[in-house]
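# Remarks on the overall topology
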Amino acid sequence: MSKERMVSIYVGEEDKTAKISDWTIYWSDQYAALQLSCHFPSMKTYTRPLSECRIVPSRELGKTLLTRQGSVVVQPIEKGTIYGERYAVVHYPGVAKPYVYKMDGIQFVTQTAMKESPVFRYFSDVADTRRDRAGSADQRQIAANVVRQLGKLSASRDTALNAYCTGQNGTQAQGGSLIYPFGVNESQLAAVEQAFSAQISVIEGPHGTGKTQTILNILANILLRGKTVAVLSNNNAAVENVYEKLEKSSLGHLVAKLGSSKNREDFFANLPPWPSAESEPAPTMDEIQTMLARLKQHLHDHNIAAQLQTEIDELTIERRYLQQWQNENGVHVPLSLDKYGLSPRKTADLMAYLAHLREQRIRLKDRIELLFNFRIFRTKPFAQGSGAPVLLPCPADALLRQGVEGQRRGSADLPRIAGAWEFHCLAESINGKFDASSEVPSACAGPRVGNLRRPDLPETV
């Protein structure tokens, strides 16, 4: 017998280990019992009921979970016995017949305390109440089925339900590069990346902000990995919206519209035909990722420019209201610091220094300070006559003007956004729609960002 594992086989009280070359365990329908077969080098086989044999080592398992190699389905078991780390005899709840598995094809998973969590107990209590208060026999049957299904759920650590109920959202590897065939903006890109790095992701946004577009990109990447996915909703319209967009992209044959019994009957009665035409050649994944890296930079720059423009607009409005208040209240602003071209920080420093000089004569030392620190040579604007107090500019107005100019300079520091045509090419390449011979799209004449033109982008998720 192979000595890969130190296993001893006893039939009755006789040790057969040294005499046999191999051994197997299986279920016999004829005898309705587990059997142990001993295989000898002479090719003879000796079979006895497993209950009359002993295999060392063996270990017992209590209630736990079982999953098969390559499967994501997890099943609860009532108990089990592992023989020689080669075979597992498993008893499922409510099933009298045991099942025999080879250990290299299964894995046992420890159950979590998910069903003891307040969230899961709340779900169970709601389901019990709906069953007890059902108004008709049909409603009671549906509610009772929900209660049964909740009882059958497996408390596996790797499930999204466990993460939701216990509040422990685990991380996971993305499993490869991501693609965005349905278009993307920066927040949508982050949402897709998050969906593939966490057990649960929640994407929120008002109507028309691109949530369906994000779902389509998630679906594309799941299919790219050779997996299946279920799209569920509490109303049919949301699921139908996803299907219509896939159908519009000639991908309807990938969808099985199930849900209700009528949908299932219609689907299997009219299976969608597989497209006969060959698909167009696609760029390599390396090419897509190179273009995507450039697109990410453009999206990032676009968002920064948009934020700067928002701040410019806010500062401009504040300054306009300030000037209106000054005019209505007769506040005289005798001096503007704009001509000195100072930064907001330098402007604040200058106003503080002028406040220091307010009750003093401007001496030679002060002139040198103004020259070297603020590049101001003429000090006459700061005084009226010998020994007169310094006239200060309005601090709020000066700071608002400096803020506006500072944000405009920041916006001008983003030259990459000016390349609207390059941005369009990148986006269209990611979407698989780019045609180098086409004209610059009308979207490139979209709303302004600071002093720059940029193409319209999808709304943020």
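Look a little higher up for the structure.
Residues numbered from 1 in each chain as written. Predicted model: local features only at pLDDT ≥ 70, side-chain atom pairs only at ≥ 80, totals over all residues. Heavy atoms only, no water.

### Considerations on the packing of helix H4 (residues 186-195) against helix H5 (residues 211-224)
Helix packing for two helices is described by the angle between their axes and how far apart those axes are. Running from amino to carboxyl end, H4 crosses H5 at an angle of 40°, the nearest separation of the two axes being 10 Å. Viewed along their axes, H4 and H5 adopt a mutual orientation that is oblique. Crossing of H4 over H5 shows right-handed handedness. Residue-level contacts link Gln188, Ala191, Val192 and Ala195 of H4 to Gln213, Thr214, Asn217, Ile218 and Asn221 of H5. Residue composition of the contact of H4 with H5, by class: 4 nonpolar, 5 polar and no charged. (Axes fitted to C-alpha atoms, helices over the stretch in contact; angles between N-to-C directions. Helix = DSSP H or I, 4+ residues; strand = E, 2+ residues; numbered from the N terminus. Parallel < 35°, antiparallel > 145°, perpendicular 65-115°, else oblique. Left-handed = near helix turned anticlockwise from the far one by under 90°. Contact = heavy atoms within 4.5 Å. Nonpolar A, V, L, I, M, F, W, Y, C, P; charged D, E, K, R; others polar.)

### Regarding the sheet that holds strand E1 (residues 8-11)
Taken in spatial order, the 3 strands make up an open sheet running E2-E1-E6, and their pairing is antiparallel. Strands with a single pairing partner mark the edges of an open sheet, and in this sheet they are strand E2 (14-15) and strand E6 (53-56). Across 2 bridges, E1 lies against E2 in antiparallel orientation. Its bridge partner lying in E2, tyrosine 10 is registered against aspartate 15. (Pairing = 2+ DSSP bridges.)

### Observations regarding helix H10 (residues 364-374)
Within the sequence span of H10, burial applies to Asp366, Leu370 and Phe374. Angular distribution of buried residues about the axis of H10 spans 40°; they occupy a single face of the element. Residues Leu364, Lys365 and Phe372 are exposed on H10 and point more than 90 degrees away from its buried face. On its buried side, H10 packs onto helix H9 (344-357). (Buried < 20%, exposed > 50% of the residue type's maximum accessible area, 1.4 Å probe, protein only. Arc of directions from axis to C-beta.)

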